[in-house]
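Residue-level structural notes
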Amino acid sequence: MTDDRPHSLSQSVQKLRLGGIKFSEAQVRLVLAPAGRDPDPLDLSRILAGFAKYHVNLQQISVDSAAGTVELYLAEQDYARQRILIEAELGPLDLDATVVAPVGTLTLFPHGSRMEVLVKVIGLAGDPDLRIYALGSSLSALCLSTDLDRLDRTAAALLENFSLPEGHSPFRYEPSELDRQVTGGAGRIVETIARYSESVIKIYGSKLQTGLLRATVCFPRDYLDRVLEGLSQSGLDRFEMMGAAHADSGRMLVHLMVDPDRGKGAIASLRERFGDAREIDVVEQHDMELLFFHGPHFQDRYGVMCAAAAALAKASIRFTCAACTGTGIHLVAERGVGGKMLEALGDVFVVP
Amino acid sequence: MSDQQLILVVDDDTDLVEALAMKLESENFAVAKAYDGIEGFDKIKEQRPALIILDVMMPRKDGYQLCDELKNDDNYKDIPIVLLTAVADAVNSTNYTHMGGKTTLADDYVPKPIDLDKLMEIVKDNL
């Protein structure tokens, strides 16, 4: 579509093309952390088992093993229905819980692994009016969580930098004829919701990448523009996986899994840019491994991440961080662990 | 001008669209993407793909609807359609039951989770 209206220089900035944006329905954001104790490697599988026991789908999950934090998103209606049971399950685990509701997830796609897309999306986290809680990547998408009533505002802010194709799908789900027939007009069919009882979970495939660099940058939110400028000028043009969240005391944490050579250059560039600024922590972890399992529909199926965590715990395998975003699971681990994870998870996941 | 054949993938699972696109491109196909049935129909009119890979359960216009419309339209009925369906051996594990054995005019189907190599075979057989 051509816009023939006169526009200012600032408006003429080239927008990046997206395939679409979609909004989730109302969700609850739950952040769980050990209450004044060291993280226990078994916490994750215990937490996830508490949800799986009551057939609660976890639509997004983010795990930081070092801190022992687990960030979960679930449908608001599931939380309302199962809250008492879930709390009874989690109570004995001695966890601090932060609950925010209602929140929503904005999913934009495809990111194409392009840093220029990522930089513009992370930039939204600097706007306190948008209140972005966290970001994560799947194979195709970037997912931002914010307050439910800020989804439209967040999409509008995105569209200052991105364009959508003409005739793109609406942001909110609109039922099809099949939805109406099957649900009797009640709304959406969820293809696989809470109906899986497989001993082995069918997936599309898995991919193990080794020798990657994990770059973690933690900084005061006021520095966001400068950090992003540094990243966008660093020569790093692709990422394999990312996550971002607000940390304590107004700080923000971004982690990226990237090609080692380009990543080293990006980190050197950031360090050069910020010198010895104490406010900015840049950590690089070399020879990291990234294991990806692809769906289907993990976000609509209870117990998938629980099965993965239990298999890894059973094999005493520790990973650095994990994310279940979109229809995939990403697991990040140190050198040599990826193959072991793949082997341990072979009992749980199968490619038909 | 490229002599690659254009395959249109229509599915609201954006990760699957991406995975299929990567696989198809590795097999030297050009790929167009759409994320629901209405957007898919627009892409078909604009780009006239050589084949359509079509999910069944999608917002706005489901795969059955789109398939019926295309196969009953003289302009498009010759474009092969491969349906992606969560039925087959997964009946017990989904709450979607293929509408009690509904038949479609699609040229072929692939059960989900998809065997990508099998899908590539079916795509090539239908071109």
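Residues numbered from 1 in each chain as written. Chains lettered and ligands numbered in written order. Predicted model: local features only at pLDDT ≥ 70, side-chain atom pairs only at ≥ 80, totals over all residues. Heavy atoms only, no water.

Re the overall build of chain A
Along its length, chain A carries 9 helices and 17 strands. Counting the 352 residues in chain A, one finds 53% classified as buried. When contacts within chain A are restricted to residue pairs at least 6 apart in sequence, long-range pairs at least 24 apart make up 79% of them. Approximately 15900 Å² of chain A is accessible, and the part contributed by carbon and sulfur atoms is 48%. Looking at charge distribution, chain A has the averaged site of its 36 positive side-chain charges lying 2 Å from that of its 46 negative ones. (Helix = DSSP H or I, 4+ residues; strand = E, 2+ residues; numbered from the N terminus. Buried < 20%, exposed > 50% of the residue type's maximum accessible area, 1.4 Å probe, protein only. Contact = heavy atoms within 4.5 Å. Areas by Shrake-Rupley, 256 points an atom, 1.4 Å probe, with all protein chains shown as cover. Lys, Arg positive; Asp, Glu negative; His and termini not counted. Charge placed at Lys NZ, Arg CZ, Asp CG, Glu CD.)

Brief notes about the environment of V182 of chain A
Residue and element names in this part refer to chain A. Within the fold, V182 resides in helix α5 (residues 177–183). In this structure V182 comes out as partly exposed when scored by relative accessible area, which is 36%. For the pair formed by V182 and L290, sequence separation is 108 residues and the distance between their alpha carbons is 39 Å.

Observations concerning the side chain of Q27 of chain A
Residues and elements named next belong to chain A. Structurally, Q27 can be placed in strand β3 (residues 27–34). At 2.6 Å, the side chain of Q27 and the side chain of T105 are in polar contact. With residues near it in sequence (within four places) discarded, Q27 still touches Q59, Y73, L74, A75, E76, V100, A101, P102, V103, G104 and T105. (Polar contact = N/O pair within 3.5 Å; in protein donor to acceptor, adjacent residues only side chain to side chain.)

Brief notes about the environment of P110 of chain A
Position of P110 of chain A relative to the elements: it lies in the loop between β6 (95–109) and α3 (115–123). Relative accessible area serves as the criterion here: at 16%, P110 of chain A is assigned to the buried category. If near-sequence neighbours (up to four positions away) are discounted, P110 of chain A is found in contact with L18, G19 and S140 of chain A together with E18, K33 and Y35 of chain B.

Section: the side chain of D147 of chain A
Note that D147 of chain A resides in strand β8 (residues 142–147). When residues no more than four places from it in sequence are discounted, the contact partners of D147 of chain A are V100, P102, V103, G104, R131 and Y133 of chain A.

Comments concerning the sheet that holds strand β1 (residues 6–10) of chain B
All names here are of chain B. Strand order in the open sheet formed by 5 strands is β2-β1-β3-β4-β5, with parallel pairing between adjacent strands. Of all strands in the sheet, those with a lone pairing partner are β2 (30–34) and β5 (108–111), marking the two edges. Going across the sheet, the axis of each strand differs from the next one's by a mean of 20°, ignoring polarity. Pairing analysis gives 4 bridges linking β1 to strand β3 (residues 51–55), with the strands arranged parallel. Note on β3: the bridge partner recorded for I7 is L51. (Pairing = 2+ DSSP bridges. Axes fitted to C-alpha atoms, helices over the stretch in contact; angles between N-to-C directions.)

Examining helix α1 (residues 43–52) of chain A
Residue and element names in this part refer to chain A. The buried fraction of α1 amounts to 8 of the 10 residues, a majority that puts the element mostly inside the structure. Taken together, the buried positions of α1 are occupied by D43, L44, S45, I47, L48, G50, F51 and A52. Its buried side turned inward, α1 meets β3, β4 (58–64), β5 (69–75), α2 (76–90), β6 and α8 (304–314).

Description of the confidence of the model for chain A
When pLDDT is averaged along chain A, the result is 88; 93% of the residues meet or exceed 70. Of the regions scoring below 50 in pLDDT, residues 1–11 of chain A engages in 2 contacts with residues more than four places distant in sequence or in other chains. (pLDDT = per-residue confidence, 0-100.)

Some remarks on the pattern of salt bridges
Residue and element names in this part refer to chain B. If you walk through the whole model with that rule in mind, you get 24 salt bridges over all chains. Across the salt bridge formed by D117 and K23, the nearest N and O atoms sit 3.1 Å from each other. Highlighted residues: D117 in helix α5 (residues 116–126) and K23 in helix α1 (residues 14–26), separated in sequence by 94 residues. D74 is the salt-bridge partner of K77, the closest N and O atoms lying 3.2 Å from each other. (Salt bridge = Lys/Arg side-chain N within 4 Å of Asp/Glu carboxyl O.)

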